[in-house]
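# Secondary and tertiary structure notes
So the chains spell out like this:
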Amino acid sequence: MKPKGEKKMKIIKVEGFILHVPLNPPVTDSINAPTHWGLPGVKIFTDEGITGYGYTGTCANGDEMIVDTIERYYAPILMGKDPFMVKEIWDELRFGKMHWIGRAGITHMALAAVDIALWDIMSKASNKPLWQYLGGHKSKKIKAYNTNGGWLNWSKERLLKDITSFVDQGFTGVKMKVGNPNPKEDYERVKAVRQAIGDDIILMIDVNQMWNINTAMTWGKKLEQFDLFWLEEPLNPDDIMNHKKLADELNVPIALGEHVYTKY
């Protein structure tokens, strides 16, 4: 943060944008089949010539509603603010005029873009990359996994080719999509991937909310034998009781949060 007594930086302009990046070839999971990846975002300009960029990710539907929230409702609040007061700004946007209609969803995706832009400004002002500004250290390495080869519309042959290529590139973890109408197909695909990558590579699977509790109980248990690192979004994210039931019954950890918008 800035030293005490230093002149405050001010936000002087807020401008939304939308980028659509073609997906070639298109990819699918159990509920989405996007042809483009959407990047609705914001540019925040300051009186010191530093501009922060922030964005969020979508399947390229509804992006104009996210940007409209930024420009129509958040921009007037941001004008004149010190971007270093990021927590204060987050609280005002989160619990302000939009709280009644915006506890999750569109308004929070807009808020995420604003928040990222503010951190971009702060790291640029400090002349440090964001990871270092946040207190990271180059001696601490973070494991990475790749999910870009595990799409549901890939044939088994392409699935295995792409997944093993990521392992060859040095990734120590891979994630694949499941949620086929016939869970037996998921089982065979997961089995084939585990055989192809061996026992030392971390393997995760993502259902994208497609299962009900009975399917999740049955096939989650069957898939445990493949030493899964996690089972992601097996159920509707709002189904708290059945997630608890699933977590109690299965040995594989349950991962979710992609559609849960705050720590609360």
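Note: the structure precedes this text.
Residues numbered from 1 in each chain as written. Predicted model: local features only at pLDDT ≥ 70, side-chain atom pairs only at ≥ 80, totals over all residues. Heavy atoms only, no water.

### Things to note about the sheet that holds strand S1 (residues 11-22)
Formally: Two strands are counted as paired when DSSP detects at least two bridges linking them. Where helices and strands are cited, they refer to DSSP runs of H or I of at least four residues and of E of at least two residues respectively, numbered from the N terminus. Only the stretch in contact is used when a helix axis is fitted, and all axes are lines through C-alpha atoms; the angle between N-to-C directions ranges over 0 to 180 degrees. Only heavy atoms matter for contacts: two residues are in contact if any of them lie within 4.5 Å across the pair.
The three strands are arranged S1-S2-S3 in an open sheet whose pairing can be described as antiparallel. The outermost strands of the open sheet, each flanked by one partner alone, are S1 and strand S3 (51-55). Averaged over neighbouring strand pairs, the angle between their axes works out to 20° when direction is ignored. Two strands pair when backbone bridges link them, and strand S2 (residues 36-46) and S3 are joined in this way by five bridges, in the antiparallel orientation. Across the sheet, Val-42 pairs through a bridge with Gly-54, a residue of S3. Most of the contacts of helix H1 (residues 63-78) go to S1, to which it runs at about 170°, and overall it touches S1 and S2. Contacts from helix H3 (residues 106-125) reach S1, S2 and S3 within the one sheet, and its direction differs from that of S3 by about 145°.

### Concerning helix H6 (residues 183-197)
In an α-helix, one turn spans 3.6 residues, which is why side chains three or four residues apart end up on the same side. Quick reminder of the rule: Expected span of a helix: the number of residues minus one, times 1.5 Å. In this scheme, a residue with accessible area under 20% of its type's maximum is buried, one over 50% is exposed, and one in between is partly exposed, where area comes from a 1.4 Å probe on protein chains only.
A rise of 1.5 Å per residue sets the reference length of H6, with its 15 residues, at 21 Å; its end C-alpha atoms lie 21 Å apart and thus fit the reference within 8%. Residues of H6 that are buried include every one of Pro-183, Asp-186, Tyr-187, Arg-189, Val-190, Ala-192, Val-193, Arg-194 and Ile-197, and no others. Check the buried side of H6 and you find it contacts helix H5 (156-169), strand S5 (173-177), strand S6 (202-206), helix H7 (213-223) and strand S7 (228-232). Gly-198 lies just past H6 and shows a positive phi near 85°.

### Quick notes on the packing of H1 against H3
Basically, it comes down to this: Oblique is the label for any angle not under 35 degrees, not over 145, and not in the 65 to 115 range, which are roughly parallel, roughly antiparallel and roughly perpendicular in turn. A crossing counts as left-handed when the near helix is turned anticlockwise from the far one by less than a right angle, and as right-handed when that turn is clockwise. Amino acids are sorted into nonpolar (Ala, Val, Leu, Ile, Met, Phe, Trp, Tyr, Cys and Pro), charged (Asp, Glu, Lys and Arg) and polar (every other residue, Gly among them).
Direction vectors running N to C along H1 and H3 enclose 60°, while the axes themselves pass 9 Å from each other. With respect to H3, the axis of H1 lies oblique. Our pair here, H1 against H3, has a crossing hand that is right-handed. For the pair H1 and H3, the contacting residues are Met-65, Ile-66, Thr-69, Ile-70, Tyr-74 and Leu-78 in the first and Ile-106, Thr-107, Met-109, Ala-110, Leu-111, Ala-113 and Val-114 in the second. For the contact of H1 with H3, the class distribution of residues is 11 nonpolar, two polar and no charged.

### Structural notes on H7
Under the convention used in this document: Relevant arc is that of directions from the helix axis to the C-beta atoms, nothing else. Within 3.5 Å is the distance limit for a polar contact, defined as a pair of N or O atoms, with the added protein rule that one can donate a hydrogen and the other accept it, and that residues adjacent in sequence qualify only through two side-chain atoms.
Taken together, the buried positions of H7 are Ile-213, Thr-215, Ala-216, Trp-219, Gly-220 and Leu-223. Seen from one end, H7 has its buried residues packed into an arc of 145°, which puts them on one side. Turning to H7, the residues buried within the fold contact H6, S6, S7 and helix H8 (240-249). With a side-chain oxygen positioned 3.1 Å from the backbone nitrogen of Asn-214, the residue opening H7 is Asn-212.

### Side note on the packing of aromatic side chains
Which entries qualify depends on this criterion: Only Phe, Tyr and Trp rings are paired, with Trp represented by its six-membered ring, and only when their centres lie within 6.5 Å; those with planes under 30 degrees apart are stacked, over 60 edge-to-face, the remainder tilted. Here, a charge over a ring is recorded when the distance from Lys NZ or Arg CZ to the ring centre is within 6 Å and its angle to the ring normal is within 35 degrees.
Applying the stated criterion across every chain, the model contains seven aromatic pairs. On the numbers, 6.4 Å between centres and 75° between planes, the contact of Trp-90 with Phe-95 is edge-to-face. Judged by centre distance (5.8 Å) and plane angle (45°), the ring pair of Phe-229 and Trp-230 falls under tilted. Since its relative accessible area comes to 46%, Phe-229 is described here as partly exposed. Grouped by ring-pair contacts, the aromatic residues Tyr-145, Phe-229 and Trp-230 constitute a single cluster. Seen from the ring of Trp-154, Arg-158 lies directly overhead, with NZ or CZ sitting 3.9 Å from the centre.

### Topic: the pattern of salt bridges
What counts is decided by this rule: What counts as a salt bridge is simple: a side-chain nitrogen of Lys or Arg found within 4 Å of a carboxyl oxygen of Asp or Glu.
Across all of its chains, the model carries 12 salt bridges by this definition. Note that Asp-206 is salt-bridged to Lys-177, the shortest N-O span being 3.0 Å. On the criterion of sequence distance, the pair formed by Asp-206 in strand S6 and Lys-177 in strand S5 is long-range, its members being 29 residues apart. Its relative accessible area of 0% is what places Asp-206 among the buried residues. Residues joined in a network through salt bridges with shared partners are Lys-175, Lys-177, Asp-206 and Glu-232.

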